[in-house]
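Structural characterization, general
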Amino acid sequence: MSNTIIKIKNLSASIEGKEILKGVNLEVKAGEVHAIMGPNGSGKSTLSSVLAGRDEYEITGGSVEFLGKDLLEYDPEERAWLGLFLAFQYPVEIAGVSNMNFLKTALHEKSKYLNEDPISAKDFLKRVKEKAALVELDDKLKNRSVNEGFSGGEKKRNEIFQMAMLEPILAILDETDSGLDIDALKVVSNGVNTLKNKDNAIIVITHYQRLLDYITPDFVHVLADGKIVKTGDKNLALELEEKGYDWV
Amino acid sequence: MTTTTIHPITENLIPSTINNVATENALNLLSAMTFPTRKSEDWKYTRINKIIKKEYIQKDASGEINTKDFIEESLNAINVFVINGHYSTELSDANKNDGLVLEKITIDNINYNSLASNQTNIFTTLNTAYANNGLSISVQKNTKIKQPIHIIHVNTISNVIANPRTLIVLEQSSELEVIQSYYAPTIEDTFTNSVTEVLVSENAKFTLTKIENEGANSSIIATDDIKQLNDSTLRVNTFTKRQEFARNGINVSVDGQNCATYLNGAYSPIKKEHIDNHTRVDHLQPNCMSSEIYKGVLNDKSVGVFNGKVIVHVDAQKIEAYQKNNNVLISDTATMNAKPELEIFADDVKCSHGTTTGQFDEEAIFYLQARGISKDTAKMMLVEAFMDEVYNEIENDNLRNSIKK
Ligand SMILES: Nc1ncnc2c1ncn2[C@@H]1O[C@H](COP(=O)(O)OP(=O)(O)OP(=O)(O)O)[C@@H](O)[C@H]1O
Ligand SMILES: [Mg+2]
């Protein structure tokens with residue numbers, strides 16, 4: 001359990017001249033679950049966007065090593081092929097692109113990049129069936145356009161369904177729990193736990209301790225004003241729930 | 001006062017022998033007309049100097065072509081070849097359908113030149129004056145032709161002017177699908193000036209799909225003058241592929257009740273291509289519906305023009321007219337000029353029109369990328385999703401698939 005998956009060193013990033021990340025340090029190893037909590041606007045989604053490769057952000061300092069590679073040098077799609085996955089806080093609706101075609105294309109491009117045989121149509125359908133069952137994704141949703149007309153909760157389920165299909169090495173779940181009712185929360189958490197193994201890792205961004213009852217973190221970090229200001233174990237989340245962020 | 005204008009474009013051209021009276025009239029009209037400049041409203045965004053200031057040559061249908069290169073087998077169509085503007089009976093398939101007549105337009109053809117916009121469009125006049133070996137298609141009463149007719153236009157030499165002329169007559173309660181495609185492979189600077197006249201009689205159903213794909217150095221002006229009678233249905237789909245310049249003018253005169261008219265088009269110009277779609281629907285009678293969907297994706301320094309005119313005449317009550325033109329600019333240097341025009345002289349009508357020009361949704365592209373879809377593929381998927389609405393208007397599945405390829 002000592003393989004480093006991602007090592008973020010002193011990462012700073014700004015948008016439109018405004019500095020959002022002000023020196024983030026974080027190391028995640030294989031088999032670990034990290035939770036990041038923190039007040040609204042502290043930079044949690046910015047951190048996940050920067051890691052996923054959104055080019056609106058300007059990296060002003062620091063480095064990110066992902067599986068030994070200089071992550072910031074890669075395009076977003078290459079990062080996905082290398083095994084990075086971001087479950088969006090606000091999944092995008094894409095009219096006219098079917099969920100299935102979208103996933104098939106994603107898998108094909110990945111195997112092309114990795115010089116692997118593309119998944120057969122039969123295996124693809126098998127995997128879809130299996131993974132959709134895992135997050136109890138409604139059959140109808142699979143064939144609709146990506147997220148189009150999905151409810152908030154359905155979108156979040158769809159993110160985890162995609163994660164299951166793509167089998168990433170590092171998954172960043174940005175507030176995947178917001179908008180989920182308690183049953184959905186259990187289903188989604190159960191899905192995540194099933195996907196979790198000793199070779200991959202997960203970063204969950206959340207405001208609520210309740211998610212961490214289902215997905216148990218090894219570490220809890222507090223991100224405030226663009227920096228990680230405190231790190232602890234799962235008890236830190238309980239403490240935050242009780243006292244808020246003011247005391248940190 | 002009449003003035004006589006000499007047009008360089010007509011230099012060296014041999015006049016039409018289809019119908020001497022029509023030719024004579026057209027030549028007279030032509031000498032009194034001038035080519036439009038950008039000062040004329042209808043040509044405001046489309047400069048034609050480059051096309052009309054040139055001298056062209058006429059060429060007969062004798063050019064060497066391999067017909068197989070142009071036939072789309074999946075369509076299972078009657079393939080009709082029009083070479084350098086001349087209908088070639090030799091290269092075309094024999095027609096085995098009862099009730100369908102394919103022949104050269106002759107002096108006996110009473111419908112010839114009865115719908116053509118000679119008075120208002122100099123390019124139509126030009127065609128009437130110089131078209132030879134026109135193609136006449138007629139479908140007899142109560143006859144439904146299941147097999148589509150694929151008219152394949154091929155220009156075979158550089159600097160050729162082709163004046164293809166097509167006359168299509170659907171008699172009462174008949175049905176027909178025609179595909180017109182245009183090619184000019186491996187040659188340069190050709191000009192196709194196509195005119196198609198169509199009469200859709202009572203209760204008839206006609207579908208015309210145009211595919212313009214002459215290449216990076218060819219210009220086309222395609223004019224369709226169409227008349228619909230009671231209870232008829234018309235569909236015209238225009239797909240402009242690689243084409244340096246295209247000006248499509250579709251004029252539909254809906255002169256009957258309970259008619260349906262669908263005009264759809266898609267264009268995705270690159271480089272400096274210039275694609276202009278002008279449509280005009282005249283609702284002359286009540287209780288009709290017309291619908292238009294045109295969509296474009298413009299790249300590089302390309303220019304798009306859309307002008308959709310719907311005129312609801314006095315007494316044409318209970319008309320529903322819908323029009324939509326949506327565009328995506330995928331480069332900062334592409335331009336789109338869109339202008340819907342509604343002129344309504346009746347009071348009980350339902351009309352809507354909308355035009356949008358925007359960029360790709362960057363959030364959607366990033367989302368697709370983040371899932372492992374390369375940026376180019378992501379854009380392609382979004383283009384396809386955007387265009388599908390137009391492609392879905394093609395009723396013939398095989399045709400839709402071949403166009404999407
Ligand atoms: N495109 C942008 N333009 C300008 N400011 C931005 C942009 N994106 C983010 N910001 C700003 O960056 C800061 C951090 O935003 P971010 O979304 O990362 O916060 P967060 O920690 O995820 O908050 P939340 O808990 O509400 O999701 C905020 O002040 C936000 O307004
Ligand atoms: Mg956020």
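Residues numbered from 1 in each chain as written. Chains lettered and ligands numbered in written order. Predicted model: local features only at pLDDT ≥ 70, side-chain atom pairs only at ≥ 80, totals over all residues. Heavy atoms only, no water.

1. A few points about the interface of chain A and chain B
If you look at the interface, chain A gives 29 residues, while chain B gives 17 residues. Overall, the association of chain A and chain B removes approximately 1,900 Å² of surface from exposure, summing both partners, and the carbon and sulfur fraction of that is 65%. Three residues stand out in chain A for area buried against chain B, namely A:Arg54, A:Glu77 and A:Val92, and they jointly supply 26% of the buried area on that side. At the boundary of chain A with chain B, the tally comes to two salt bridges. The shortest N-O distance in the salt bridge between B:Glu363 and A:Arg54 comes to 3.6 Å. Summed over the shared surface of chain A and chain B, the number is eleven residue pairs in polar contact (both at pLDDT 80 or more). (Contact = heavy atoms within 4.5 Å. Buried area = accessible area lost by both parts, 1.4 Å probe. Salt bridge = Lys/Arg side-chain N within 4 Å of Asp/Glu carboxyl O. Polar contact = N/O pair within 3.5 Å; in protein donor to acceptor, adjacent residues only side chain to side chain.)

2. Brief notes about the nonpolar core
Counting 105 residues, the largest nonpolar core has A:Ile6, A:Ile8, A:Ile94, A:Phe102, A:Phe161, A:Leu170 and A:Leu173 as the members making the most contacts within it. Per-element accounting of this core gives the leading share, eight residues, to helix H5 (residues 375-391) of chain B. When neighbours within four sequence positions are excluded, A:Ile94 is seen to be in contact with A:Ser145, A:Val146, B:Ala364, B:Tyr367, B:Leu368 and B:Leu382. Core analysis: the second largest hydrophobic core is formed by 49 residues, B:Leu170, B:Val310, B:Ala316 and B:Ile319 among them. (Core = buried A, V, L, I, M, F, W, Y, C linked by side-chain atoms within 4.5 Å. Buried < 20%, exposed > 50% of the residue type's maximum accessible area, 1.4 Å probe, protein only. Helix = DSSP H or I, 4+ residues; strand = E, 2+ residues; numbered from the N terminus.)

3. With respect to the coordination of the magnesium ion (ligand 2)
At 2.0 to 2.1 Å from the magnesium ion (ligand 2) lie its protein donor atoms, namely A:Ser45 (OG) and A:Gln89 (OE1). Remark: A:Gln89 occurs in the loop between strand S6 (84-87) and strand S7 (94-98) and A:Ser45 occurs in helix H1 (residues 44-52); sequence separation between them is 44 residues. (Donors = N, O, S within 2.8 Å, 3.2 Å for Na, K, Ca; no water.)

4. A closer look at the sheet that holds strand S18 (residues 319-329) of chain B
All names here are of chain B. The ten strands are arranged S2-S1-S5-S8-S10-S12-S14-S16-S18-S20 in an open sheet whose pairing can be described as mixed. Where the open sheet ends on each side, the last strands, each with one partner, are strand S2 (86-88) and strand S20 (349-358). Averaged over all neighbouring strand pairs, the angle between strand axes comes to 10 degrees, with direction disregarded. Summarising the sheet, strand S10 (residues 205-212) and strand S12 (residues 233-240) pair through eight bridges and their orientation is parallel. Each residue of the ladder has a partner; that of Thr-209, found in S12, is Asn-237. Strand contacts of H5: S12, strand S14 (260-267), strand S16 (289-298) and S18, with the helix running at about 155 degrees to S16, the strand carrying the most contacts. With respect to the sheet, helix H6 (residues 397-404) is in contact with strand S8 (175-183), S10 and S12, its orientation differing from that of S10 by roughly 15 degrees. (Pairing = 2+ DSSP bridges. Axes fitted to C-alpha atoms, helices over the stretch in contact; angles between N-to-C directions.)

5. Looking at the pattern of salt bridges
Residue and element names in this part refer to chain A. This structure, assessed with the given rule, holds 32 salt bridges over all chains. Among the ionic pairs, Arg-127 bridges to Glu-167, the shortest N-O distance being 3.9 Å. With a gap of 40 residues between them, Arg-127 in helix H4 (residues 121-134) and Glu-167 in the loop between helix H6 (152-166) and strand S9 (170-174) connect regions that are remote in the sequence. Of the charged contacts in the structure, one is a salt bridge between Glu-167 and Lys-131, with a shortest N-O distance of 3.8 Å. Placement of Glu-167 in the loop between H6 and S9 and of Lys-131 in helix H4 is noted, with a sequence separation of 36 residues between them. Overlapping salt bridges bring together Arg-127, Glu-130, Lys-131 and Glu-167 as one network.

6. Structural notes on the site of ligand 1
Residue and element names in this part refer to chain A. Contacts to ligand 1 come from 16 residues, most closely from Gly-41, Lys-44, Ser-45, Thr-46 and His-207. Within the backbone of Gly-41, one N or O atom sits 2.9 Å away from an oxygen atom of ligand 1. One nitrogen or oxygen atom from the side chain of Glu-175 is found 3.3 Å from an oxygen atom belonging to ligand 1. Protein chains bury 68% of the 640 Å² of accessible surface belonging to ligand 1 in isolation. Secondary structure elements with two or more residues in the shell around ligand 1: strand S2 (18-29) and H1. With three residues, the single largest contributor to the shell around ligand 1 is H1. Classifying every residue of the shell around ligand 1 by side-chain character gives four nonpolar, eight polar and four charged. (Near = heavy atom within 4 Å. Areas by Shrake-Rupley, 256 points an atom, 1.4 Å probe, with all protein chains shown as cover. Nonpolar A, V, L, I, M, F, W, Y, C, P; charged D, E, K, R; others polar.)

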